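For reference, the chains in residue letters:
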Amino acid sequence: MLLTMTKKSAKAPAKKPAASAKAAPKKGAVAAESNKVAKTQLVEMVADRTGLTKKQSEEAVSTMLESIVGALREGKSVGMPGLGTLSVKQTAARTGVRPGTSEKIQIPAGKKVAFKVASTLKGNL
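Definitions and limits used
Residues numbered from 1 in each chain as written. Predicted model: local features only at pLDDT ≥ 70, side-chain atom pairs only at ≥ 80, totals over all residues. Heavy atoms only, no water. Pairing = 2+ DSSP bridges. Helix = DSSP H or I, 4+ residues; strand = E, 2+ residues; numbered from the N terminus. Axes fitted to C-alpha atoms, helices over the stretch in contact; angles between N-to-C directions. Salt bridge = Lys/Arg side-chain N within 4 Å of Asp/Glu carboxyl O. pLDDT = per-residue confidence, 0-100. Contact = heavy atoms within 4.5 Å.

**A short note on the sheet that holds strand β2 (residues 84–91)**
- Pairing within the open sheet is antiparallel, and its three strands lie in the order β1-β2-β5. Lying at the two open borders of the sheet, with one neighbouring strand each, are β1 (78–80) and β5 (110–117). Direction aside, neighbouring strands of the sheet carry axes that sit 25 degrees apart on average.

This is the structure:
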């Protein structure tokens, strides 16, 4: 009897995700299931918590993001208390493999953005 229940429960959920995969969310609609917080949502959060208008909140969020990007472009690290630190790291030149052809290619040295999570945030998650 346990095997019968396991088989039925395994088969029934398999049909539901396939049906929901066909129904893609509309382009303009905000997906309630998304794990991503968009810039417009951040603007609304700032407006709600500070009492600023949405236009003022949008300017504040945009200015903050531009400041962070500008500091990273200059090679500085950006610390955000309670969140973490963004910094620019150098990557070394290396040999890679092109997918599909297995051809060896040379990947040049470059830069990447690294994020180190603050210990207070780790503790809160």
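Once the structure has been displayed, the description carries forward.
**A few points about the pattern of salt bridges**
- Going through the model one piece at a time under the given rule, you end up with three salt bridges.
- Among the ionic pairs, Lys39 bridges to Glu58, the shortest N-O distance being 3.4 Å. Taken as a pair, Lys39 in helix α2 (residues 39–50) and Glu58 in helix α3 (residues 54–73) lie far apart in primary sequence, 19 residues in all.
- The partner of Lys76 in a salt bridge is Glu74, with the nearest N and O atoms 3.2 Å apart.

**Quick notes on the confidence of the model for the chain**
- Per-chain confidence: the chain averages 81 in pLDDT, with 74% of residues scoring 70 or above.
- The model gives residues 1–24 a pLDDT under 50, and that stretch makes one contact with residues more than four places away or in other chains.

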